[in-house]
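Here is what each chain is made of, one letter per residue.
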Amino acid sequence: MAVLEILKFPHPVLRQKAEPVAEIDDRIRRLVSDMIETMLKAPGVGLAANQVGVPVRVVVVDLSVGEDPDARLVLVNPEIVCGEGSICMEEGCLSVPDLRENVTRCSRVVVRGLDLDGRPVEVEGEELLAVALQHELDHLDGVLFIDHLSQLKRSRYVAKRKKLLAEAAG
Ligand code: NI
C-alpha cells in the first residue's frame, strides 16, 4: 500500500467526469488499498479516485476513519438510486484546502454499486453517511462541494486560492 498525493483545487482532473470501471482487476484492487491508506493518513472520511489522479468511478468512505472495520465502504461504479429529505451540514474536502462551509443535501440516500469482488451492493445512508456518499459521488462527476455554495462564496474562495498559489509560485 502507498499513500498517494491528493490533488488540490484547481487541478483539472478534479473536474473530469470519471469513467466506469470495466473490470475489477489488480490495478483497481491496488488503487483501492492505496486510496484507503491515503484517506486514513490524511485523515478524511472519504475519497474518490479522481482525487488521487485516477479518473475512474471508485470511492471509499469510512466515517470511523479506520476505527471500525465495519464502517469501511468501497464502492465501484456507484449510483444514487434514491435521495430524499434535506440536511444542512458543514463540509470540507481534502482537495479543497482551507475551507469548511454548510451545504444542503438529501438527508437519506440509497446507493448501488459493486464491491471489490464485483458483487452488487446497496448502501443506505442517513445524515452524515448520506452527506459523505453524495459528496464522494459528486467527485466522480467532477463536482466539488464549492459548487453547492453561493456564487459569492465560491468566487471568494477561488480568488483566495489563486492568490495563495500565485504567492507560493513566487
Ligand atoms: Ni471531497
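Check the entry above for the structure.
Numbers given to residues run from 1 along each chain, matching the order in which its sequence is written. Per-residue local features of the predicted model are confined to residues with pLDDT of at least 70, and side-chain atom pairs are confined, for both listing and counting, to 80 or more; whole-chain, interface and lining totals are unaffected and use all residues. Calculation of side-chain values draws on the structure's entire complement of heavy atoms; hydrogens and water are dropped beforehand.

Secondary structure elements are defined from DSSP: runs of H or I of at least 4 residues count as helices, runs of E of at least 2 residues count as strands, and each element is numbered from the N terminus. Along the backbone of the chain there are three helices and seven strands. Secondary structure of the chain in N-to-C order comes out as α-β-β-β-β-β-β-β-α-α. Computation of the radius of gyration draws on C-alpha atoms, with the globule rule given as 2.2 Å multiplied by the number of residues to the power 0.38. Against the compact-globule benchmark of 15 Å for 170 residues, the chain has a radius of gyration of 16 Å, which places it among compact chains. Along the first, second and third principal axes, the C-alpha atoms of the chain reach 45 × 35 × 30 Å. Any residue under 20% of the maximum accessible area for its type is buried, any over 50% is exposed, and the rest in between are partly exposed; the area is computed with a 1.4 Å probe on protein chains only. Counting across all 170 residues of the chain, residues that qualify as buried make up 45%. Put simply, the chain shows about 8900 Å² of open surface, and 51% of that area lies on carbon and sulfur atoms. Here the chain carries 21 positive and 28 negative side-chain charges, and the mean point of each set is 8 Å from the other. All accessible-area figures derive from a Shrake-Rupley calculation using a 1.4 Å probe, and residue coverage is judged against the displayed protein chains alone. In this tally, Lys and Arg are treated as positive and Asp and Glu as negative; His is ignored, and so are the chain termini. A charge is said to be at NZ when it belongs to Lys, at CZ for Arg, at CG for Asp and at CD for Glu.

A few words on the nonpolar core. Among the nonpolar cores identified, the biggest contains 17 residues, and Met35, Val58 and Val60 are the most heavily contacted of them. Elements that contribute at least two residues to this core include exactly α1 (26-41), β2 (58-62) and β3 (72-84). Ranked by residues supplied to this core, first place goes to α1 with six residues. By convention a nonpolar core is built from buried Ala, Val, Leu, Ile, Met, Phe, Trp, Tyr and Cys residues, the set being connected through side-chain atoms within 4.5 Å.

Two strands in a sheet stick together by hydrogen bonds in their backbones, pointing the same way (parallel) or opposite ways (antiparallel). We treat two strands as partners when DSSP finds at least two bridges between them. Taken in spatial order, the five strands of this open sheet run β1-β2-β3-β6-β7, and their pairing is antiparallel. Two strands lie at the open edges of the sheet, namely β1 (46-48) and β7 (120-126), each paired on one side alone. Taken pair by pair, the neighbouring strands of this sheet meet at an average axis angle of 40°, ignoring direction. Bridge count between β3 and strand β6 (residues 108-114): six bridges; the pairing is antiparallel. Looking at the pairing, Ile80 lines up with Val111 of β6. Contacts: residue pairs with any heavy atoms within 4.5 Å of one another. For helices, the axis comes from a line fit to the C-alpha atoms of the stretch in contact; other axes are also lines fit to C-alpha atoms, and the angle between any two N-to-C directions lies between 0 and 180 degrees. Set on the sheet, α1 makes contact with β1, β2 and β3; between it and β2 the angle comes to about 35°.

Attention shifts here to helix α2 (residues 128-140). Turn by turn, an α-helix covers 3.6 residues, leaving residues three or four places apart pointing in a common direction. If you check α2, its first and last C-alpha atoms are 19 Å apart, about what 13 residues at 1.5 Å a residue would give, namely 18 Å. For α2, the buried fraction is high: 12 of the 13 residues fall into the buried class. All of the buried residues along α2 are Leu129, Ala130, Val131, Ala132, Leu133, Gln134, His135, Glu136, Leu137, Asp138, His139 and Leu140. Following α2 by one or two positions, Gly142 has its phi on the positive side, about 75°. Working rule for helices: expected span equals 1.5 Å times residues minus one.

This paragraph deals with the coordination of the nickel ion. Coordinating N, O and S atoms are those within 2.8 Å of the metal (3.2 Å for Na, K and Ca), and as water is not part of the atoms, a site may appear to have fewer donors than expected. Protein coordination at the nickel ion: the donors are Cys93 (SG), His135 (NE2) and His139 (NE2), at 2.1 to 2.2 Å from the metal. All donors of the nickel ion belong to a single chain; written as a sequence motif, their spacing is C-x41-H-x3-H. Taken together, the residues Cys93 in strand β4 (residues 87-93) and His135 in helix α2 connect sequence positions 42 residues apart. Owing to a relative accessible area of 7%, His135 belongs among the buried residues under this scheme.

This part is about the side chain of Arg105. With respect to the helices and strands, Arg105 occurs in strand β5 (residues 96-105). Look at Arg105 and you get buried, because its relative accessible area is 8%.

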